[in-house]
Amino acid sequence: MKLRNSVVLLLLVTVLAPIVLYTDRLGTSFKISSPRNEFIEDVSTFTLGGDVMPLNLLPQEPSTPLKEPLGIVYQENSSLSLSDSDASTGNKSRKIRQLTQESMEQQTTILSAISGTGDHHPEEENPIRQVTEQGHEANSSEITSQKPGSATQRKSREQQNDKENKGKLAVSEDTSNNVAGNLEIKHEKQAAKASIKVGTKEPTKTEVEKQNVQVVIPDARVRHLKDQLIRGRVYLSLSATRNNPHFIRELRLRLKEVQRALGDATKDSELPKNSYEKLKAMEQTLAKGKQIQDDCTTVIKKLRAMLHSTEEQLRVNKKQTLFLTHLTAKTMPKGLHCLPLRLSTEYFSLNSSEREFPNQEKLEDPKLYHYALFTDNILAAAVVVNSTIFHAKDPSHHVFHIVTDRLNYAAMRMWFLANPLGKTTIQIQNIEEFTWLNSSYSPVLKQLASPAMIDYYFKTRRADSDSNVKFRNPKYLSIMNHLRFYLPNIFPKLNKVLFLDDDIVVQKDLSGLWHIDLKGKVIGSVETCGESFHRFDRYLNFSNPLISKTFDPHACGWAFGMNIFDLEEWRRQNITEVYHSWQNLNHDRQLWKLGTLPPGLITFWNRMYSLDRSWHVLGLGYNPNVSQKEIERAAVIHYNGNLKPWLEIGIPKYRSYWAKFVDYDHVYLRECNINP
């Protein structure tokens, strides 16, 4: 009996236990939400035991398969009955999805239009999330407001369940309509904001477009035509295109047309009106060639061959240009050849009393400012003297000593007799009068008169050993170029002399140079070691032990052209004998090439005082990039190089500094057609 009762009890427990556990009346402690029309939208509001327990989860965007929001979000007629709303739930769900997709597309378009502006509001990015969150907040507030109570309250709540469901549906419909309206309003506001932002961005885009339009390659059509000529020549030389005679004839015709249209034009404005038509026709022909020969490797090889050929041709042309430039520098323009002839005729027509200069008693006064100028160029000497006097504070204290050759002696005297210098003193000397200067005394005279030296300068074939044409200039044969090493002999009673080349222009008063303390040095010069090629190793042969043991290859070079000499110190250190000794060692030109600067660097080694660079600016005879500021602040500007200002090959932008001291209206200059 006990066993039967136990079995019955177990069966009873087994049957009743599920009923008790899963009955709605006993399971209110696990109730989550309304069973029929509600569902959990967000796990973050999961309720357990009637209390809201938010989970520590980051809010995430809803995935693609979205569920419908709480209740009905959109409804055209809010007065529909419950049965009608239940029947039309599917249609409303589709309308909700359509509205949501349209809003998302609209927002994506707006965001793409205003991207990069920085006005980004995450809370406005997901309208579906807003709708579901608003509906869910209403539902959550409704759920959380319900607190667990007595059984009577639960019964009354169950009895009124249908009424509540109907009311909730109506509220959800109203809420849905309000939310939809809010969505439309928000979308309109976002569209307005986007239009404003896009409107504000339009000027920026317009400015960028304007900048892009303004950045246009100058003379693009000329460049394009030249490019077409190159491409056309490439196709003419390719084997694949040469096998097509019709294409070759057409291409040659187009090349002639383009060459005729291009001519010597360097700007688009210089092209003829039909140049664009020729360009289009040539482009079509080149397109045909590309179809015939589409192998890029072959074209690249041909272009490389053309590049190498052009570079070789450029090298040859540069070499020939250098040779012709030196040839031009050696020759004398017709006007400068005419001028000394005309002046010499006038000089010999003067009486002996008319051939003398005034103020000759000042020639040996050591208290005055003495200048030494050795030249056979009358016009160049006139510019040096005129520019110096023009900027002198007291011209009466300046004395010029000009030494020239026998051919130009009469003409030089006549020029300064016809153009008196006022209170300034001038002396014209003939180098032939220096009887002490002969080959027995001067090693350089002996070398210059040797047959080997004459053959070196005047033979027609080029010397294989001397590739530098510069050192083949016959001016190095003239002793006039070496007189600077005999200043104490020429001016035995003077203490200081300022040596000037004939290719300089004076721009400031130079009397301050006589007051500089040279600190026991013989020469004052401006160093030119700012550039690497003005070091000693540029001028001297350091492979010779005599040079390498005595001098520093990296020592700074300096320049002749404007140099102050202390003749007393010169005599004390016997500099002329130092010069003679090195000239004897260089009889075979193994220590340095011909010229005056290399022996000057050697002779005045450790005897040179460095002057401020503003005293002497060089390079106007070869360098077109001399700083304008340096030129303006310089006391002396030097046209060293082959591009002399009196030659047609002179650099045009520097010629005005020299030409302003030439009176081109002078009768002698007009007769010889010497023009600026």
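Conventions we followed
Think of each chain on its own: its residues are numbered from 1, step by step along the sequence as written. Under the rules for a predicted model, residues below a pLDDT of 70 receive no local features and side-chain atom pairs below 80 are neither given nor counted, while totals for whole chains, interfaces and linings still include all residues. Note: side-chain values were computed over all heavy atoms of the structure, leaving out hydrogens and water. Helix numbering and strand numbering both begin at the N terminus, where a helix is a DSSP run of H or I of at least 4 residues and a strand a DSSP run of E of at least 2. Only protein chains enter the accessibility calculation, which uses a 1.4 Å probe; a residue whose area is less than 20% of its type maximum is buried, one above 50% is exposed, and one in between is partly exposed. Any pair of residues with heavy atoms lying within 4.5 Å of one another is described as a contacting pair. In these tables, accessible area is a Shrake-Rupley quantity obtained with a 1.4 Å probe, and a residue counts as shielded only by the protein chains included in the view. Aromatic contacts are taken between Phe, Tyr and Trp rings whose centres are within 6.5 Å, Trp giving its six-membered ring; a plane angle under 30 degrees counts as stacked, one over 60 as edge-to-face, and the others as tilted. Put simply, a charge is over a ring when the Lys NZ or the Arg CZ is close to the ring centre, within 6 Å, and near the line of the ring normal, within 35 degrees. Candidate patch residues must exceed 30% relative accessible area and have no salt bridge, after which like charges are joined if within 9 Å and Val, Leu, Ile, Met, Phe, Trp or Tyr side chains if within 5 Å. The salt bridge criterion pairs a side-chain nitrogen of Lys or Arg with a carboxyl oxygen of Asp or Glu, the two atoms within 4 Å. Pairs of strands are assigned from DSSP output, requiring at least two bridges between the strands. Lines fitted to C-alpha atoms define the axes, with helix axes restricted to the stretch in contact, and inter-axis angles between N-to-C directions lie between 0 and 180 degrees. Roughly parallel means an angle under 35 degrees; roughly antiparallel means over 145; roughly perpendicular covers 65 to 115; every other angle is labelled oblique. Three categories are distinguished: nonpolar for Ala, Val, Leu, Ile, Met, Phe, Trp, Tyr, Cys and Pro, charged for Asp, Glu, Lys and Arg, and polar for the others, with Gly belonging to the last. By this rule the span expected of a helix is its residue count minus one, scaled by 1.5 Å. Whenever a nitrogen or oxygen atom comes within 3.5 Å of another N or O atom, the pair is scored as a polar contact, on the condition that within protein one atom can donate a hydrogen and the other can accept it, and that pairs from neighbouring residues in sequence are kept only if both atoms are in side chains. For this analysis, a nonpolar core means a set of buried residues of the types Ala, Val, Leu, Ile, Met, Phe, Trp, Tyr and Cys, connected via side-chain atoms within 4.5 Å. The quantity called pLDDT is the predictor's confidence in a given residue, expressed from 0 to 100. Cysteine sulfur atoms are paired as a disulfide whenever they come within 2.5 Å of each other.

**A closer look at the overall build of the protein chain**
Helix and strand counts for the protein chain come out as 24 helices and eleven strands. Out of the 676 residues in the protein chain, the part that is buried amounts to 39%. At a minimum sequence separation of 6, the contacts of the protein chain that also span at least 24 residues come to 75%. Surface exposure of the protein chain reaches about 39700 Å², of which carbon and sulfur atoms provide 54%.

**Here we look at the packing of aromatic side chains**
Under the counting rule described, the total for this entry stands at 26 aromatic pairs. Considering the side-chain rings of phenylalanine 536 and phenylalanine 551, the 6.4 Å spacing of their centres and the 45 degrees angle between planes classify their relative orientation as tilted. One end of the pair, phenylalanine 536, is in the loop between strand 8 (523-525) and helix 18 (545-548); the other, phenylalanine 551, is in the loop between helix 18 and strand 9 (562-566), and 15 residues separate them in sequence. A relative accessible area of 6% means that phenylalanine 551 is categorised as buried. Stacked on the ring of tyrosine 347, the Lys or Arg arginine 355 has its end atom at 4.9 Å from the ring centre. The lysine or arginine in question, arginine 484, covers the ring of phenylalanine 560, its NZ or CZ lying 4.8 Å from the ring centre.

**Some points on a nonpolar patch on the surface**
Taken together, the side chains of Leu9, Leu12, Val13, Val15, Leu16 and Ile19 present a nonpolar region at the surface, about 540 Å² in accessible area. Of note, isoleucine 19 is situated in helix 1 (residues 2-22).

**A look at unusual backbone geometry**
Outside of glycine, negative phi angles account for most residues, and trans bonds account for most peptide bonds. Positive phi values are uncommon outside glycine, yet lysine 519 reaches one of about 55 degrees. Mapped onto the secondary structure, lysine 519 falls in the loop between strand 7 (504-506) and strand 8.

**Quick look at the pairing of strand 9**
Counting buried residues along strand 9, five of its five residues qualify, which places the element largely inside the surrounding structure. Here five bridges tie strand 6 (residues 496-500) to strand 9, and the two strands are oriented antiparallel to one another. Bridged to leucine 500 within strand 9 is methionine 562.

**Overview of the sheet that holds strand 3 (residues 369-374)**
What the seven strands build is an open sheet, ordered 5-4-3-6-9-8-10; its pairing is mixed. With one partner strand each, in any of the chains shown, strand 5 (425-430) and strand 10 (608-610) form the two edges of the open sheet. Each strand axis lies, on average, 25 degrees off the axis of its neighbour in the sheet, ignoring direction. Sheet strands in contact with helix 13 (residues 378-391) are strand 3, strand 4 (398-404) and strand 6, and its direction is about 175 degrees off that of strand 4. Against the sheet, helix 14 (residues 409-418) contacts strand 4 and strand 5, and its axis sits at roughly 170 degrees relative to strand 5.

**As for the packing of helix 12 (residues 334-348) against helix 14**
Orientation of helix 12 relative to helix 14, taken along the N-to-C sense of each, is 75 degrees, at an axis distance of 8 Å. Judged by the inter-axis angle, helix 12 sits roughly perpendicular to helix 14. Contacts between helix 12 and helix 14 involve Pro340, Leu343, Ser344, Glu346, Tyr347 and Phe348 from the former and Ala410, Ala411, Arg413, Met414, Trp415 and Leu417 from the latter. By residue class, the composition of the contact of helix 12 with helix 14 is nine nonpolar, one polar and two charged.

**Considering helix 13**
Here helix 13 spans 20 Å end to end across 14 residues, near enough to the 20 Å set by a 1.5 Å rise per residue. Burial of helix 13 is extensive: eleven of the 14 residues sit out of reach of the surface. A side-chain oxygen of the first residue of helix 13 lies 3.2 Å from the backbone nitrogen of leucine 379; this N-cap is asparagine 377.

**A word on the pattern of salt bridges**
Charged atoms that come close allow side chains of opposite charge to pair. Following the criterion strictly, the structure yields eleven salt bridges and no others. Residues arginine 254 and glutamate 257 are paired through a salt bridge, measuring 3.2 Å at the closest nitrogen-oxygen approach. Of this pair, arginine 254 and glutamate 257 both sit in helix 9 (residues 245-262), three residues apart, roughly one helical turn. Owing to a relative accessible area of 14%, glutamate 257 belongs among the buried residues under this scheme. Note that arginine 572 is salt-bridged to glutamate 569, the shortest N-O span being 2.1 Å. Of this pair, arginine 572 and glutamate 569 are both found in helix 19 (residues 567-573), three residues apart, which corresponds to roughly one turn of the helix. By relative accessible area, which is 60% here, arginine 572 ends up exposed.

**Section: the pairing of strand 4**
Of all the seven residues making up strand 4, seven are buried; the element is thus mostly covered by neighbouring parts of the structure. Of the two faces of strand 4, the one carrying His398, Phe400, Ile402 and Thr404 and the one carrying Val399, His401 and Val403 are both buried. With six bridges joining them, strand 3 and strand 4 adopt parallel strand pairing. Pairing of tyrosine 369 across the sheet is with histidine 398, part of strand 4.

**Some remarks on the nonpolar core**
In summary, soluble globular proteins display a tendency toward joint burial of nonpolar side chains. Membership of the largest hydrophobic core comes to 68 residues, with the highest contact counts inside it found for Leu339, Phe416, Leu498, Leu510, Leu513, Trp615 and Trp658. Of all the elements, helix 13 adds the most residues to this core, at nine residues. If we ignore the near neighbours within four places in the chain, the residues touching leucine 513 are Leu498, Met562, Ile564, Leu611 and Trp615. One finds Ile431, Met480, Phe565 and Leu567 within the second-largest nonpolar core, a separate group that totals 47 residues.

**Remarks on the environment of arginine 355**
Assignment of secondary structure puts arginine 355 in the loop between helix 12 and strand 3. Once the C-alpha coordinates of arginine 355 and arginine 413 are considered, the two residues, 58 residues apart in sequence, prove to be 7.7 Å apart. The contacts of arginine 355, once residues within four sequence positions are left out, are Tyr347, Phe348, Leu350, Arg413 and Leu417.

**Looking at the confidence of the model for the protein chain**
Across the protein chain, the average pLDDT comes to 77, with 67% of residues at 70 or higher. Of the regions scoring below 50 in pLDDT, residues 168-173 engages in eleven contacts with residues more than four places distant in sequence or in other chains. Here residues 461-466 is modelled with pLDDT under 50, and outside its nearest four sequence neighbours on either side it reaches eleven contacts, counting other chains as well.

**A closer look at the state of the cysteines**
Scanning the entire structure with this criterion turns up one disulfide. Disulfide partner of cysteine 338: cysteine 672, at an S-S distance of 2.2 Å. With the S-S bond torsion at -70 degrees, the cross-link from cysteine 338 to cysteine 672 turns out left-handed. Of this pair, cysteine 338 sits in helix 12 while cysteine 672 sits in the segment after helix 24 (667-671), and the two are 334 residues apart along the sequence. When its relative accessible area of 6% is taken as the criterion, cysteine 672 is described as buried.

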